[in-house]
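Close look at the chain arrangement
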Amino acid sequence: MKKLHSLGRMLLLGAMVVLLNGCGKAETLPEASEQEEEEKVQIGMIFDNFIMERWQRDRDVFVSTAKELGAEVNVQNANSSVQEQIELIDYFIKKKVDVIVIVPIDSEPLLESVKKAQEEGIKVISYDRLIVGAKPDLYISFDNKKVGELMGETLCEKLKAGDKVLMVCGPLTDSNVIEVQAGFEEIMNKKRIEILDVYYADEWKPEYAAAYIRENSELVHMAQGIMCGNDNLAGQAVDALAELRLAGEISVAGQDADLEACQRIVDGTQYMTVYKSIEKMADKAARAAVDMAGNTLIDCELYTLPDGKQIPYIKMEPVAVTADNMQEVIIDSGFHLKEDIFLNHPELLN
């Protein structure tokens, strides 16, 4: 009986060892997975809104590139609310992300939160628009003064000295608006084109552009051209011009190369837009974010802030687009499909 009892004890001990070994393996697997998760670069991305067609493209390319590089991106939409952007920055600080990428709505209200993030060791990228008053770790945008110059130069193909234009810009809280305006006005002065009035559409709301055109029909009838801060504003301006039976009679400029803007160019109701390779910028921004999270130096130039200080800057080059180079710039690059651009003019597809 003692032998049997000893044998039973040995079998029981052996079974416990097997069970313990099995439990040990089951417990270590999740730990390894959690550790691997923690090692991934964590990026918080805050957009202004997704009403504008281009922000959706920026988001998709940025997220795709970051994932390819092994990073995780938490995308948040502020729905055009500055307060929500502040709360989202604080949210990402609490989550201890490595990098925060921001498309700022208004700079000044964000300064305290941006500074707090940087004090916590989080890198901050100012995307497309500069956070004025802050010193972001990277600013990536298009050459906005050049955008204004291209709008002016291309619009002048339809204008002559002594003609008059109106400017329907975005809000002054967006630093890009100031740079675009400076570039455009420089060309107007050089070409001796008179600027009748400058209007700033609050929060980039396109309906404000339409309201301005309707409420200032007398000025509109005096103008040969209208510069619009982006293609959303241009679209509403064209609709209002149509009500005044002036669509196609007044040359309209915009920027972003939205699909509807390209369609209007084919229709003849908008003269030009500015193409900005959003895919390239979003891709570069994602790569820079991952590198910065690992404290790797990135290839960039310097941008001089209003106070004279300089910050790392990646500058992208814009391209003017009219009906003449639509194929080469927009269609051949794959930015929009030809059949979509010529949707209202299938006879021009051949």
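All values reported here derive from a predicted model rather than from experimental measurement.

1. Let's talk about the packing of aromatic side chains
Inspection of every chain in the model, using the stated rule, returns eight aromatic pairs. Ring centres 5.0 Å apart and planes at 80 degrees place the aromatic pair Tyr139 and Tyr303 in the edge-to-face group. Of this pair, Tyr139 sits in strand 5 (residues 138–142) while Tyr303 is found in strand 11 (residues 301–304), placing the two residues 164 residues apart along the sequence. Comparing Tyr139 with Tyr303, the two get one shared label, buried. Geometry around Phe335 places Arg57 over its ring, the cationic atom sitting 4.0 Å from the centre.

2. Structural notes on the packing of helix 3 (residues 82–95) against helix 4 (residues 111–119)
Where helix 3 meets helix 4, the closest approach of the two axes is 9 Å, and the angle between their N-to-C directions is 10 degrees. The angle between the axes of helix 3 and helix 4 places the two elements in the roughly parallel class. For the pair formed by helix 3 and helix 4, the contact residues are Ile86, Ile89, Asp90 and Ile93 on the first element and Ser113, Val114, Lys116 and Ala117 on the second.

3. Observations regarding the nonpolar core
In this structure, Met151, Phe184, Ile213, Ile226, Cys228 and Leu241 are the most contacted members of the largest nonpolar core, which totals 43 residues. Elements with a contribution of two residues or more to this core: helix 5 (144–155), strand 6 (164–169), helix 6 (175–191), helix 7 (206–215), strand 8 (225–228), helix 9 (231–243) and strand 9 (251–253). Looking at which element gives the most residues to this core, the answer is helix 9, with six residues. In this structure, Met151 is in contact with Val180, Phe184, Met227, Cys228, Ala253, Gly254, Gln255, Met272 and Val274, ignoring residues within four places of it in sequence. Listed in part, the 31 residues of the second largest apolar core include Ile43, Phe62, Val99 and Met316.

4. Structural notes on unusual backbone geometry
Positive phi, normally seen in glycine, also occurs at Asp256, with a value near 115 degrees. Structurally, Asp256 is set in the loop between strand 9 and helix 10 (259–267). When its relative accessible area of 4% is taken as the criterion, Asp256 is described as buried. Here the phi dihedral of Ala257 falls at roughly 55 degrees; this positive angle occurs in a residue that is not glycine. Among the structural elements, Ala257 can be located in the loop between strand 9 and helix 10. Exposure remark for Ala257: the relative accessible area of 0% places this residue in the buried category.

5. Quick word on the sheet that holds strand 9
Taken in spatial order, the four strands line up as 7-6-8-9 in an open sheet, and their pairing is parallel. Looking at the sheet topology across the chains shown, the edges are occupied by strand 7 (194–200) and strand 9. Neighbour-to-neighbour, the strand axes of this sheet turn through a mean angle of 15 degrees, independent of strand direction. One ladder, built from three bridges, connects strand 8 with strand 9; its direction is parallel. What sits directly across from Gly225, in strand 9, is Ser251.

6. Some points on the side chain of Gln263
Along the chain, the position of Gln263 falls in helix 10. Look at Gln263 and you get buried, because its relative accessible area is 13%.

7. Considering the sheet that holds strand 12 (residues 310–316)
The pairing of strands in a sheet happens through backbone hydrogen bonds and is either parallel or antiparallel. With respect to topology, seven strands assemble into an open sheet ordered 2-1-3-4-5-12-11, the strand pairing being mixed. In the strand order of this sheet, the two ends are held by strand 2 (72–77) and strand 11, each with one partner. Across the sheet, the mean angle separating the axes of adjacent strands is 25 degrees when strand polarity is ignored. The sheet contact formed by strand 3 (residues 99–102) and strand 4 (residues 123–127) spans four bridges and is parallel. Its bridge partner lying in strand 4, Ile102 is registered against Ser126.

8. What about the confidence of the model for the protein chain?
Interpretation of this model should avoid reading the predicted coordinates in detail wherever pLDDT is low. For the protein chain, the average pLDDT comes to 90, and 89% of its residues sit at 70 or higher. Long-range and interchain partners of residues 1–33, a stretch whose pLDDT sits below 50, account for zero contacts in this model, where long-range means more than four residues apart.

9. Describing the environment of Ala134
Turning to its location among the elements, Ala134 is positioned in the loop between strand 4 and strand 5. With relative accessibility at 11%, the residue Ala134 sits in the buried group. Between the C-alpha atom of Ala134 and that of Lys115, which follows or precedes it by 19 residues, the distance is 7.4 Å. Residues contacting Ala134, with those up to four places away along its chain left out, are Leu111, Val114 and Leu305.

Each value, and the rule that gives it
- Position numbers for residues count from 1 along each chain, tracking the sequence in the order it is written.
- Two thresholds apply to this predicted model, a pLDDT of at least 70 for residue-level local features and 80 or more for giving and counting side-chain atom pairs, whereas whole-chain, interface and lining totals are computed over all residues.
- Hydrogens and water are ignored here; the side-chain numbers use all heavy atoms of the structure.
- In this scheme Phe, Tyr and Trp rings, the latter by its six-membered ring, pair at centre separations within 6.5 Å, and the angle between planes marks the pair as stacked below 30 degrees, edge-to-face above 60, and tilted otherwise.
- Per the convention used, a helix needs a DSSP run of H or I reaching at least four residues, while a strand needs a run of E reaching at least two, with both numbered from the N terminus.
- Exposure categories follow from relative accessible area, calculated using a 1.4 Å probe and restricted to protein chains: below 20% of the type maximum is buried, above 50% is exposed, and the middle band is partly exposed.
- Whether a charge sits over a ring depends on NZ of Lys or CZ of Arg being within 6 Å of the ring centre and within 35 degrees of the ring normal.
- To obtain an axis, a line is fitted to C-alpha atoms, over the contacting stretch when the element is a helix, and the angle between two such axes runs from 0 to 180 degrees between their N-to-C directions.
- Orientation categories follow fixed angle ranges, with anything under 35 degrees roughly parallel, anything over 145 roughly antiparallel, 65 to 115 roughly perpendicular, and all other angles oblique.
- The contact definition used throughout considers only heavy atoms, calling two residues in contact when any of these lie within 4.5 Å.
- Residue types Ala, Val, Leu, Ile, Met, Phe, Trp, Tyr and Cys, when buried and joined through side-chain atoms within 4.5 Å, form a set referred to as a nonpolar core.
- Two strands qualify as a pair provided DSSP detects at least 2 bridges between them.
- pLDDT is defined as a per-residue confidence score from the predictor, taking values between 0 and 100.

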